[in-house]
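Next come the chains, spelled out residue by residue.
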Amino acid sequence: MTDQTRALYKSVASSFSVWDAAHIFEYATSRFTTIHLTQLAEPNPKGSYQYSFVQHLIWEAECFVIHFISKCTAMNINSSMPVYLSNVLLHITDFQMEDRNHQTLFVRFQDCLHNKDGDVVVQYQVVLRYRYCWWGTAFHFMPMQMPLRLSVAEVNEPTADHFKQQPALVAWLGLDLRQMLVAKLKAMGVAVDAMNCLEQPLDKVYDTMAASQVAVDVLAEDYNNGWIRTSTHGDPFPELHPFLCK
């Protein structure tokens with residue numbers, strides 16, 4: 001469990017336990033996070049998109065959250081839920097009880113912030129595959145196709161599948177990071193090769209500059225000792241007379 005989840009307490013022995021509720025709520029949080037990321041990626045959502053999106057959003061809340069909150073209450077199970085899920089549920093409840101404006105709920109869900117600490121994909125356990133993944137389809141071009149209700153078993157199954165995907169997700173992220181590291185090392189190798197190609201010409205420039213400085217020092221010393229006479233046109237070094245040898 002994460003730091004964002006309050007303490008869980010044991011319930012009366014039954015087929016549905018406090019841990020079942022906690023896992024389902026974490027699964028629901030992951031689903032809402034993925035839905036939110038999909039919403040943010042939609043460049044210009046039309047009215048039909050927003051209306052259908054809100055319909056599916058309410059279906060998510062009823063199937064994966066609200067029914068289980070009622071079940072926990074009826075069974076005297078003192079469960080908890082992640083803060084982000086709680087905030088989402090408050091917006092949906094306000095919509096159902098106060099303001100039935102689809103556009104308002106669409107905007108509120110869009111503006112509902114995740115915890116700022118860390119990557120939301122990792123923090124909220126976003127995976128590659130979800131059951132009932134309506135947001136991956138052109139849902140706003142067709143009638144609502146989600147089942148009217150889901151039983152506890154029908155929710156427990158995708159929840160268990162979600163947690164099974166966690167090691168695979170970690171491995172996938174690890175592979176992605178390794179590929180990025182290899183690409184960085186290749187780029188670094190190219191940069192080192194370029195520096196090596198420039199090293200020899202730079203050495204020649206430094207040698208030439210050093211030889212020129214020696215020649216200037218000798219010329220300055222000869223001039224200060226009077227071994228170099230000025231021409232009839234004046235001092236050849238009017239700005240630097242006398243030379244100061246360092």
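Everything that follows concerns the structure shown earlier in this document.
Description of the structure in this document. (Residues numbered from 1 in each chain as written. Predicted model: local features only at pLDDT ≥ 70, side-chain atom pairs only at ≥ 80, totals over all residues. Heavy atoms only, no water.)

1. Section: unusual backbone geometry
To keep things clear, this is the line we draw: For every residue, the accessible area obtained with a 1.4 Å probe (protein chains only) is divided by the maximum for its type, and the residue is called buried under 20%, exposed over 50%, and partly exposed between those limits.
Despite not being glycine, N76 shows a phi value in the positive range, around 60°. If you check the backbone angles, Y132 has positive phi at about 55° while not being a glycine. Take Y132: its relative accessible area is 27%, and that puts it in the partly exposed class.

2. Quick word on the nonpolar core
As a reminder of what qualifies: Residues enter a nonpolar core if they are buried and are Ala, Val, Leu, Ile, Met, Phe, Trp, Tyr or Cys, with the set joined through side-chain atoms within 4.5 Å. Elements are defined by DSSP. Helices are runs of H or I of four residues or more, strands are runs of E of two residues or more, and each kind is numbered from the N terminus. By definition, residues are in contact when any of their heavy atoms lie within 4.5 Å.
Counting 44 residues, the largest nonpolar core has F32, F53, F64 and V65 as the members making the most contacts within it. The element that contributes the greatest number of residues to this core is helix α2 (residues 47–74), accounting for twelve residues. Once residues within four sequence positions are removed from consideration, V65 is found in contact with F25, A28, F32, E60, M81, L85 and L89.

3. What about helix α3 (residues 83–97)?
Rule in force here: Every helix has an expected span of 1.5 Å times one less than the residues it contains. Arc definition: it is the arc formed by the directions from the helix axis to the C-beta atoms.
Compared with the 21 Å implied by 1.5 Å per residue over 15 residues, the 21 Å span of α3 between its first and last C-alpha is a close match. Buried within α3 are the following residues: Y84, L85, V88, L89, I92 and F95. Down the axis of α3, the sector holding all buried residues measures 130°, keeping them to one side. Elements in contact with the buried residues of α3: α1 (18–41), α2 and α4 (102–111).

What is shown is where atoms sit, not what they do.
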